[in-house]
Amino acid sequence: MSQTSSSQDPTRSLDAFAREKLAGLDAAALRRRLVATARGPDAAAERGGRALVSFSCNDYLGLAHEPRVIAAAAEALTRYGAGAGASRLVTGNSPPLVALEERLARHKGKEAALLFGSGYLANLGIAPALVGEGDLILIDELGHSCLFAGAKMSGAQVVRFAHNELAQLRGLLAEHRGTARRALILTERVFSMDGDRAPLPEILALAGEYDAWTLVDDAHGLGVVEPGTRAPLEMGTLSKTLGSYGGYLCASQAVIDLLTSRARSLVYTTGLPPASAAAALAALDIVEAEPARAARPLALARRFTARLGLPDATSPIVPVLVGEAEAALALSAALEARGFLVVAIRPPTVAPGTARLRVAFSAAHGEAQVDALAEALAALAPESVRAA
Ligand SMILES: Cc1ncc(COP(=O)(O)O)c(C=O)c1O
């Protein structure tokens, strides 16, 4: 079809729009780029032909390369094929998914579990299936992007509370709970970019006072920190400690049954690949059978914070605050030149002025590697750490 003389080529305005946006991101040092990274065992990563020790993976127990996990995935791959073939509600509910759900529920002390394609998809599905217009969601301001996305999709009134601020949470419940039909509190067991933990016993006590439901995102806690109190809704991912891919919710049977019918990100998407579930199941076996391995990332994180005079680590995640995005990128590049992969985290993932290196420890790291990173940071960024 020929264009009339007055019509424009929309691809030109589209590209112009993209280029203008990219120029803005470049100017603020906020452009993101994909870098091919070949991960190997023992926290190894190769970028551009360079061998690096990675402190940026969430594979906290090194299970993605654990031979028993790979063998379980390979067997499921051969037996059930590469993909699930359909939504779980059609023919995609392959046996490894069913087995993993049972094990996850048991691990979390819950009646049932539901697997999703990813943790992100789980959080997109959970809140909208439980609350909507006329309801209230209270969310920690440092909650993961997918918690906010699910909250927004629900149509409920969404109010954020200052990070871990119980007094404010109580005030908001007192102010809004009376007019809301149902209320849902969203928080994380271990915060992904700060590594600190939510005061869950206190949050659950408040939730009890105001008849609010609590969803805890346990993406960074499962298997590597003592869980303490369990919330009625415990979601998480298979992609971090369990070294695989996929997401889950553990809850009562009634809630899981409801979500099975109502969570759109379960109903209208293809089931998790069977091999991903089989890998996660083998990984969960190892988490439960090898507590010394599970304790190691936190022990290494504490060794690191002690050496650098940083606040004592309470999870395997340690933020090293830098400030401006450009400076965080420069520090990351300087570490890479010394053989360490520690990716810079910039806004909007974190608040403006709080760009940082997020250091993630794994059971696969050796003490000497941790000490070497601490030494390099003390030399390169003495203003971000206290030790020299
Ligand atoms: C706190 C938190 N929740 C959810 C997710 C999403 O999980 P997934 O990677 O399985 O989509 C992530 C990270 O990826 C996360 O850090």
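Bear in mind that the values here come from a model prediction, so they are computed numbers and not experimental data. (Residues numbered from 1 in each chain as written. Predicted model: local features only at pLDDT ≥ 70, side-chain atom pairs only at ≥ 80, totals over all residues. Heavy atoms only, no water.)

A. Seen up close, the state of the cysteines. One pass over the structure, following the stated rule, counts 0 disulfides. The closest cysteine sulfur to the non-disulfide-bonded Cys57 is located on Cys146, 19 Å from its own sulfur. (Disulfide = S-S within 2.5 Å.)

B. Structural context of the pairing of strand β6 (residues 157–161). Alignment of strand β5 (residues 136–140) against β6, held across 5 bridges, turns out to be parallel. The residue bridging Leu138 from the neighbouring strand is Val159, located in β6. Following the backbone out of β5, through helix α5 (residues 145–154) and into the adjacent parallel β6, one traces a crossover that is right-handed. (Pairing = 2+ DSSP bridges. Helix = DSSP H or I, 4+ residues; strand = E, 2+ residues; numbered from the N terminus. Right-handed = clockwise from strand over helix to strand, strands pointing away.)

C. Inspection of the sheet that holds strand β4 (residues 112–116) at higher detail. As summarised here, the arrangement of the 7 strands in space is β4-β10-β9-β8-β7-β5-β6, forming an open sheet in which the pairing is mixed. The open sheet is flanked by β4 and β6, the only strands paired with a single partner. Neighbour-to-neighbour, the strand axes of this sheet turn through a mean angle of 20 degrees, independent of strand direction. Of the pairings in the sheet, the one linking β5 to strand β7 (residues 183–188) comprises 4 bridges and is parallel in character. From the neighbouring strand, Leu138 faces β7, where its bridge partner is Ile185. Sitting on the sheet, α5 touches β5, β6, β7 and β8 (213–217), and the angle it makes with β5 is about 165 degrees. (Axes fitted to C-alpha atoms, helices over the stretch in contact; angles between N-to-C directions. Contact = heavy atoms within 4.5 Å.)

D. Here's a closer look at the site of the ligand. Close contacts around the ligand come from 14 residues, with Gly119, Asp217, His220, Thr237 and Lys240 the closest. A distance of 2.7 Å separates an oxygen atom of the ligand from a polar backbone atom of Gly119. Within the side chain of Thr237, an N or O atom sits 2.6 Å from an oxygen atom of the ligand. Taken together, the residues of the shell around the ligand sort by class into 3 nonpolar, 8 polar and 3 charged. (Near = heavy atom within 4 Å. Polar contact = N/O pair within 3.5 Å; in protein donor to acceptor, adjacent residues only side chain to side chain. Nonpolar A, V, L, I, M, F, W, Y, C, P; charged D, E, K, R; others polar.)

E. Focus on unusual backbone geometry. The step from Pro347 to Pro348 runs through a cis peptide bond, and the omega angle for that step is 5 degrees. Within the secondary structure, Pro348 sits in the loop between β13 (344–345) and β14 (355–360). Although it is not a glycine, Ala29 adopts a positive phi angle of roughly 55 degrees. Here Ala29 is to be found in the loop between α1 (10–27) and β1 (38–39). A relative accessible area of 13% places Ala29 in the buried class. (Buried < 20%, exposed > 50% of the residue type's maximum accessible area, 1.4 Å probe, protein only.)

F. Representation of empty space enclosed by the protein within the structure. Following the criterion strictly, the structure yields 1 cavity of 30 Å³ or more and no others. What lines the largest cavity is Arg88, Leu115, Phe116, Gly117, Ser265, Leu266, Thr269, Thr270, Gly271 and Leu272. Mapped by element, the contributors of at least two residues to the lining of the largest cavity are β4 and α9 (264–267). Partitioning the lining of the largest cavity into residue classes produces 4 nonpolar, 5 polar and 1 charged. (1 Å grid on protein atoms, 1.4 Å probe; cavity = no way out; pocket = protein on both sides within 12 Å on 5 of 7 lines; lining within 4 Å. Points joined across faces, edges and corners; volume = space filled by probe spheres on them.)

G. Summary view of α1. Taking 1.5 Å of rise per residue, 18 residues should cover 26 Å, and α1 covers 26 Å from first to last C-alpha, within 8% of that figure. A positive backbone phi angle near 55 degrees is found at Ala29, which sits one or two residues after α1. (Expected span 1.5 Å × (residues − 1).)

H. Representation of the pattern of salt bridges within the structure. Evaluation of the coordinates by the stated rule reveals 24 salt bridges. A salt bridge links Arg103 to Glu288; the nearest nitrogen and oxygen atoms lie 2.7 Å apart. Of the two residues, Arg103 sits in helix α3 (residues 95–107) while Glu288 sits in helix α10 (residues 274–289), which places them 185 residues apart along the sequence. Residue classification places Arg103 among the buried positions, given a relative accessible area of 12%. Note that Arg170 and Glu209 form a salt bridge whose closest N and O atoms lie 2.9 Å from each other. You can see Arg170 sitting in helix α6 (residues 166–176) and its partner Glu209 sitting in helix α7 (residues 200–209), a full 39 residues away along the chain. (Salt bridge = Lys/Arg side-chain N within 4 Å of Asp/Glu carboxyl O.)

Purely spatial values, then, with no claim about function.
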